[in-house]
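# A structural walkthrough
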Amino acid sequence: MPGYDDIGEKIKIRFPEALLYEQPTRDEFPTFWISKDYIVPVLGFLKNEAGLQFKFLYDLTAIDEQARTNRQGQPESRFTIVYHLLSFSGNRFLRLKVGLTEEQPSIPTITTVWSSANWYEREVYDMFGVNFEGHPHLSRILMPRYWEGHPLQKQHPARATEMGQFKLPEAQMLEQQDILQFKPEEWGLSAHSKDNEDFMFLNLGPQHPGTHGILRLILQMDGESIVNIVPDIGFHHRGAEKMGERQSWHTYIPYTDRVEYLSGVLNNLPYVMAVEKMGGIDIPDRAKVIRIMLGELFRISSHLVWYGTFAQDLGMMTPVFLTFYDREKLFGIIEAICGDRMHPNWFRIGGVAQDLPEGWEELVRDFVKYLPPRLKEYDKMVMKNRIFKARTVGIGVYNTEEAIDWGVTGPGLRATGLEWDFRKKQPYSGYDQFEFEVPVAANGDCYDRAWIHVEEMRQSIRIIEQCLNNMPAGDYKSHHPLTTPADKKRTMYDIETLINHFVNVTWGPVIPANEGFCCVESSKGNNGYYLVSDGSTTSYRTRIRTPSFPHVQFVPHYSKGYTIADLMAILGSVDFVLSDIDR
């Protein structure tokens, strides 16, 4: 593959026995299988070697290979660990795989290479039962500690109806409550300071307005100063990836809406694009522009929720009512086009569900004229408010190097000065045909993260205006047989067409055995889907890489030394939702 030939050769020269196999995929980047004994030094080499500079651990996950039938010559493996890397300087992705064949699978930790690997490895341990040797605190992260089994193993039930009647006797309840009790020593936290003063351990959440969902933060406090934070997540876990492996390719689309419930179709987009890449499906230009327009409307919708609630977190009451009013006007457009509001389930494999309705131009044009004056009003009310500035300027500061080490994307990364937006760097769906700026700040504090959000809304309006003025004619969906049944008239005369029509509608498309990955610049950061097909009507492995997961993992690192009031500003500026963390 052009631009990647040097990577495999450099690995072979530096580690002659490390590279086991180069796997062809439907992606635009290669996949190298690496020996388990060499994975840590190889990753360190790829991260630091001049000319490679894969500084960013984009994702780390696993595949249970035990039920797979179409492995296409891949090395033997019971469980496969998958590493997705990103080079900012080279603007390219890379995937590494390690096959584990043991009955009790284990692999060395890479937390010494990337700090962000901590939670990813805990998730793989929790979901697949893979042990990471040398991990600083290997324990369950999404499931409760008393859970039996590992949910993403193929042998684990996918539905509650497969698990028998739920019963919770009082003795079992008391036992489970004791297991869930926070014990500081288990996390390496001392109950006393160096001066022999007692630390206080305080629960923030899981029912607290400042956590924006059911998130529990255990705070280690020295007086009013935060010494450390232990996040407790998983309360919102719904098995989104497991559901992706039981639904057909098409019927999983409504589930993607709910992974990050504020961004609507921005959740559909990476999933359908990954399936389209695997199926070799081309998308009509009209469908691409419709997708961009709806995606930017939902970016504004999500940012309006963030704007009002962030201001409310810091003591302002008025802005949240105004921003939610604006969001209702925007939802009027979404409802007219899609027939639904927050979860429209409107993007389809191959395009969108239906064409734009009559009168859509007037609705959209009215909104793009309406919103800019409102944003100016909010600038005066919020961004220029001296109390807001006092609560956010110089609070929650981190730099670009720290952001990359901890897996930060989106506004949180651009607030540190790195101009990185996937719509510009790796354009998808036709974004390269649009004129817009990428807002970039420099200080990496709460105020800069807020400023990025506000400016992004203005740029989204620019993009929507271009969609409005340059909407192509043509089809709203591909005519590829994997996406669209043949014309109904032909089914009366052609038996093959009738069969294809019946099978596609009842079973859904059969995606060829392979794997594909696609990511988009969503409202909260980078959102990606990594899909594996075994040549059937369902996904063999559905991996969802969400921005909120690494972003919340990073919060304890740069919150130390601040007060609880400062923490409210920090959490609000991150812009996360729990469904995006827990999936």
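Glancing now at the state of the cysteines. Structurally, a disulfide amounts to a covalent bond that connects the sulfur atoms of two cysteines. All told, the structure shown has zero disulfides when counted by the stated rule. Cys467 provides the cysteine sulfur closest to Cys338, a residue in no disulfide bond, and the two sulfurs are 14 Å apart.

As for its placement among the helices and strands, Lys477 is situated in the loop between helix 15 (446-469) and helix 16 (488-491). The side chain of Lys477 is buried and forms no salt bridge, while Glu276, the nearest opposite charge, is found at 8.8 Å. Excluding anything up to four places from it in sequence, Lys477 contacts Pro284, Arg348, Ile349, Gly350, Gly351, Val352, Thr483 and Thr484.

Moving on: the layout of surface pockets. Left-over empty space is what a probe sized like a water molecule reveals as it rolls over the atoms. Size it by volume and the second largest pocket reaches roughly 640 Å³. Looking at the lining of the second largest pocket, the elements that each hand over two or more residues are strand 5 (92-100), helix 7 (265-279), helix 8 (285-313), helix 14 (422-425) and strand 13 (514-521). Each residue belonging to the lining of the second largest pocket can be placed in one class, and the counts come to 12 nonpolar, four polar and eight charged. Here the lining of the second largest pocket gathers at least three residues from each of two domains, domain 1 (7-133) and domain 2 (240-577).

Here we take up the sheet that holds strand 8 (residues 200-204). Pairing is antiparallel in the open sheet, where three strands are placed in the order 8-9-10. Each end of this open sheet is capped by a strand with a single partner; those strands are strand 8 and strand 10 (225-232). The sheet shows a mean angle of 25° between the axes of neighbouring strands, direction not considered. Examined bridge by bridge, strand 8 and strand 9 (residues 216-222) share five bridges and lie antiparallel to one another. Looking across to strand 9, one finds that Leu204 is bridged to Leu217.

When its domains are assigned, the chain resolves into domain 1 (7-133) and domain 2 (240-577). Taking the mean C-alpha position of each, domain 1 and domain 2 sit 28 Å from one another. Listed by partner, the interface residues are 44 residues for domain 1 and 39 residues for domain 2. For the domain 1 and domain 2 pair, buried surface summed over both sides reaches about 3,300 Å², with 54% attributable to carbon and sulfur atoms. Looking only at domain 1, the three residues that lose the most surface to domain 2 are Arg26, Tyr58 and Trp119, adding up to 22% of its buried area.

In this section: the pattern of salt bridges. All chains considered together, the criterion is met by 35 salt bridges. Between Arg414 and Glu456 there is a salt bridge; the shortest N-O distance is 2.4 Å. Of this pair, Arg414 sits in helix 13 (residues 411-414) while Glu456 is found in helix 15, placing the two residues 42 residues apart along the sequence. By relative accessible area, Glu456 is classed as buried at 3%. What you see here is one network of salt bridges that share partners, running through Asp59, Glu123, Lys154, Glu241, Glu245, Arg541, Arg543 and Arg583.

In the structure shown here, the tally under the stated rule is 30 aromatic pairs. Taking the centre distance of 5.9 Å and the plane angle of 90° together, the rings of Tyr307 and Tyr378 count as edge-to-face. With Tyr307 in helix 8 and Tyr378 in helix 10 (residues 360-383), this residue pair connects regions lying 71 residues apart in the sequence. For Tyr307, a relative accessible area of 2% corresponds to the buried category.

Turning our eyes to something else, we now look at unusual backbone geometry. Positive phi values are uncommon outside glycine, yet Gln72 reaches one of about 55°. Judged by relative accessible area, Gln72 falls into the partly exposed class, the value being 42%.

On the secondary structure map, Glu296 appears in helix 8. A C-alpha to C-alpha distance of 29 Å links Glu296 and Ile233, two positions 63 residues apart in sequence. Residues in contact with Glu296, not counting those within four places in the same chain, are Arg423, Tyr431, Ser460, Ile463 and Ile464. Among the polar contacts made by the side chain of Glu296, one reaches the side chain of Tyr431 at a distance of 2.4 Å.

When you line up the elements, Glu28 lands in the loop between strand 1 (19-23) and strand 2 (31-34). Classification of Glu28 as exposed rests on a relative accessible area of 61%.

For helix 7, spanning 15 residues, the distance from its first C-alpha to its last is 21 Å, which sits close to the expected 21 Å at 1.5 Å a residue. The buried fraction of helix 7 amounts to 14 of the 15 residues, a majority that puts the element mostly inside the structure. Just downstream of helix 7, Gly280 is the residue with a positive phi angle, here 65°.

Here we come to the side chain of Glu515. Along the polypeptide, Glu515 turns up in strand 13. Assessed through its relative accessible area of 0%, Glu515 is described here as buried. Within the local environment of Glu515, its side chain forms a polar contact with the side chain of Gln23, the two groups lying 3.1 Å apart. Of note is the side chain of Glu515, whose polar atom sits 3.4 Å from the side chain of Arg95. What Glu515 contacts, discounting residues up to four positions off in sequence, is Gln23, Thr25, Arg26, Asp27, Thr31, Arg68, Arg95, Lys97, Met278, Tyr530, Leu531 and Val532.

Where helix 15 contacts helix 19 (residues 564-574), the axes come no closer than 9 Å and their chain directions differ by 30°. On the basis of the axis angle, helix 15 is roughly parallel to helix 19. You can see that helix 15 and helix 19 cross each other, and the crossing is left-handed. Residue-level inspection shows Cys446, Arg449 and His453 of helix 15 in contact with helix 19, the latter providing Ala569, Ile570 and Ser573. For the contact of helix 15 with helix 19, the residue count by class is three nonpolar, two polar and one charged.

Our focus in this paragraph is the sheet that holds strand 3 (residues 56-64). Pairing is mixed across the open sheet formed by five strands, whose spatial order is 1-2-5-4-3. Edge positions in the sheet fall to strand 1 and strand 3, since each of these pairs with one other strand and no more. Taking each pair of neighbouring strands and ignoring which way they run, the sheet shows an average axis angle of 25°. Pairing geometry for strand 1 and strand 2, over four bridges, is antiparallel. Across the sheet, the residue bridging to Tyr21 is Trp33, located in strand 2. Packing of helix 2 (residues 39-48) onto the sheet brings it into contact with strand 2, strand 4 (79-87) and strand 5, and relative to strand 5 it is tilted by some 175°. Helix-sheet contacts for helix 3 (residues 117-128) involve strand 3 and strand 4, and the interaxial angle to strand 3 is about 10°.

The rules behind each value
Residues numbered from 1 in each chain as written. Predicted model: local features only at pLDDT ≥ 70, side-chain atom pairs only at ≥ 80, totals over all residues. Heavy atoms only, no water. Disulfide = S-S within 2.5 Å. Helix = DSSP H or I, 4+ residues; strand = E, 2+ residues; numbered from the N terminus. Buried < 20%, exposed > 50% of the residue type's maximum accessible area, 1.4 Å probe, protein only. Lys, Arg positive; Asp, Glu negative; His and termini not counted. Salt bridge = Lys/Arg side-chain N within 4 Å of Asp/Glu carboxyl O. Contact = heavy atoms within 4.5 Å. 1 Å grid on protein atoms, 1.4 Å probe; cavity = no way out; pocket = protein on both sides within 12 Å on 5 of 7 lines; lining within 4 Å. Points joined across faces, edges and corners; volume = space filled by probe spheres on them. Nonpolar A, V, L, I, M, F, W, Y, C, P; charged D, E, K, R; others polar. Domains from an automatic or database assignment. Pairing = 2+ DSSP bridges. Axes fitted to C-alpha atoms, helices over the stretch in contact; angles between N-to-C directions. Buried area = accessible area lost by both parts, 1.4 Å probe. Phe/Tyr/Trp six-rings, centres within 6.5 Å; stacked < 30°, edge-to-face > 60°. Polar contact = N/O pair within 3.5 Å; in protein donor to acceptor, adjacent residues only side chain to side chain. Expected span 1.5 Å × (residues − 1). Parallel < 35°, antiparallel > 145°, perpendicular 65-115°, else oblique. Left-handed = near helix turned anticlockwise from the far one by under 90°.

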